[in-house]
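# Coordinate inspection notes
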Amino acid sequence: MPRVGIIALIQESNTFLPGITTFEHFRQDLLLTGEQVRSHFADAHHEVRGFFDGLARANFEAVPIFAARALPFGAIEPAAFDSLLKLMLDELESVGRLDGLLVAPHGATVAQSHPDADGYWLAKVRQFAGPQLPIIGTLDPHGNLSVDMVNATDALTAYRTNPHIDQEQRGLEAAELMVRTLRGQVSPVQAACFPPMLINIERQCTSEPPLDQLVAAFEEVRGHAGVLSASLLLGFPYSDVDEMGASALVVTDGNLPLAKSLADQLGEAMWSGREGLAGTFISVEDAVAQARGLPGPVCMLDMGDNVGGGSPANGTWLAHALYRHQLGPSFICLYDPAAVTQAESVGVGSRVRLAVGGQTDDLHGTPFVAEFLVKFVGDGRFSEDQVRHGGITEFNQGRTAIVETGDGLLTVMLTTRRTPPFSLRQLTAFGLDPLAFRVLVAKGVNAPLAAYQPVCPTILRVNTRGVTMADVTQLPYHHRRRPMYPFEVKTTWQR
Ligand SMILES: [Zn+2]
């Protein structure tokens, strides 16, 4: 029975944050070896579960080795990255002979010591495994694909949806490709194309125009004879690294020239659509004015404080604006451990003056100060069984408080752990009815849609300031390629 190892290392690194990702961040989220990996992902809508299921269907032996994930945040500190790699490679060595490896890198992981962290660890794994062992895997489409990632692996396939609701299917696809490869039915080779452009985060929803056109072009290429996979990498603009940007990746059955020409063709399609893929940037004031005439609940996406993109989760621009303009009952979630402690000290049913959020820096707004009624204090765990972005089933936002301004205009959920808004259970598990609000603030751009679209007839992406602000031309890059569209508007592509 063929034995296939499974390795996952997933983190999206926002290099514009002063904070760094430590080993403890991985320990808090996910750091598993051996059989623990299998049991953790058994019920998750995640690519690692897809790996296990795909191998099991073919009666291949899955050998879980290592899985680590940390919530998107700053670059990984050097010692933490070394420790993760050592653990991964020690575990890999300990499992003995393998016939193949299934890998799940994110693609936008940055270590301070290795800007192309994914390329680095995949190359280490390749070095250990030797040139013949098939290494096949998945990518998050927010990955900033690098030549090293492509060279270290035989085939990579990215999720096709944003919000990511097909992670499990892509894991299954990678496992099936591994099975066919080990049976000698196919021999995957891959090539990538890197047009010098980025796709603005505001335009990264795969079901909305104009990106849906590009998504269709990739789908069409997947139908070509000899093509095993074609992936649109949207890129992650908040990693200031050389490989930051959008790219196309095509896997064919042993035909490298075909892979190259199809990747180039898709790269051309991306390049010719670049202007439509730049953002439009609705200001906070415009969003509030628009929301007035639109059916509720209105979901306002706080793009500058995109928790899934690594932001602090305590930005207050929208809290201030919604309250000032009295739009109606509004909901916002803020990471604020000190305010949770204060609410807890007075207890449910009491009133207390709090200054919530806005503690990070000037970029994310000032604290919102008001007298609040404490409505809930307790453990912030909740579970999600539906397919949602990220494939997370168990959420833990730590001790949590829900407070409301005296006039009922603003309900604030305060957490002691940064929690991305990927699940509406974040409200319903605590007795909050999403339909009771005029505006729901979700600190994200596209990822929250899987949860919020079913209840919000109106979605507004708001160009708030913050470390994940949509207008990336305002961010201080040092390492990106130059020239690059839209930073240098007149960029020409030297093919
Ligand atoms: Zn992603």
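To start, this report covers the structure provided alongside it. (Residues numbered from 1 in each chain as written. Predicted model: local features only at pLDDT ≥ 70, side-chain atom pairs only at ≥ 80, totals over all residues.)

## Topic: the overall build of the protein chain
Basically, it comes down to this: A run of DSSP states H or I qualifies as a helix once it reaches four residues; a run of E qualifies as a strand once it reaches two. Both are numbered from the N-terminal end. Remark: residues whose backbone-derived C-beta atoms lie within 7 Å of one another are considered to be in contact.
The secondary structure content of the protein chain amounts to 14 helices and 17 strands. Each of the three principal axes of the protein chain carries a C-alpha extent, and together these read 70 × 50 × 40 Å. Taking contacts inside the protein chain between residues at least 6 apart in sequence as the whole, the part at least 24 apart equals 77%.

## Topic: helix α3 (residues 47–57)
Convention followed: Between the buried cut of 20 or more and the exposed cut of 12 or fewer other C-beta atoms within 10 Å of a residue's own C-beta lies the partly exposed class, and all C-beta atoms are placed from the backbone.
Burial analysis of α3 places eight of its eleven residues in the buried class, which makes it a mostly covered element. In this fold, the buried residues of α3 make contact with β1 (3–10), α2 (35–41), β3 (61–69), β4 (100–105), β5 (135–139) and α7 (167–182). Within two residues after α3, N59 carries a phi angle of roughly 65°, on the positive side.

## Brief notes about the sheet that holds strand β11 (residues 330–335)
Hydrogen bonds along the backbone pair up the strands of a sheet, which may run parallel or antiparallel. Defined as follows: Strands qualify as paired when DSSP identifies two bridges or more between them. Only the stretch in contact is used when fitting a helix axis, every axis being a line fitted to C-alpha atoms; angles between N-to-C directions are given from 0 to 180 degrees.
Spatially, the eight strands line up as an open sheet ordered β12-β13-β14-β15-β11-β16-β10-β17, and their pairing is mixed. Looking at which strands have only one partner, the edges of the open sheet turn out to be β12 (351–356) and β17 (458–462). Pairs of neighbouring strands in the sheet enclose a mean axial angle of 35°, with direction left out of account. Examined bridge by bridge, strand β10 (residues 298–302) and strand β16 (residues 439–442) share four bridges and lie parallel to one another.

## Points about the environment of F51
Position of F51 relative to the elements: it lies in helix α3. Distance from F51 to P64, taken between C-alpha atoms, is 9.8 Å for residues 13 residues apart in sequence. Beyond its immediate stretch of four places on either side in the chain, F51 contacts I6, A62, L102, G171, A174 and A175.

## Let's talk about the pairing of β3
With eight of its nine residues buried, β3 lies for the most part within the structure. Pairing analysis gives four bridges linking strand β2 (residues 30–33) to β3, with the strands arranged antiparallel. Looking across to β3, one finds that T33 is bridged to F66.

## As for the packing of helix α4 (residues 78–94) against helix α5 (residues 117–129)
A pair of packed helices is characterised by two quantities: the angle between their axes and the separation of those axes. Convention followed: With respect to orientation, any angle under 35 degrees is reported as roughly parallel, any angle over 145 as roughly antiparallel, any angle of 65 to 115 as roughly perpendicular, and every other angle as oblique. Handedness of each helix crossing follows the sense of rotation of the near helix against the far helix: counterclockwise by less than a right angle gives left-handed, clockwise gives right-handed.
Where α4 meets α5, the axes come as close as 11 Å, and the angle between the chain directions of the two elements is 25°. What the angle tells us is that α4 and α5 run roughly parallel. Here α4 and α5 pass one another in a crossing that is right-handed. Between α4 and α5, the residues in contact are F81, L85, M88, L89 and L92 and A117, W121, K124, V125 and F128, respectively.

In short, the description is geometric, and any link to function would need to be established separately.
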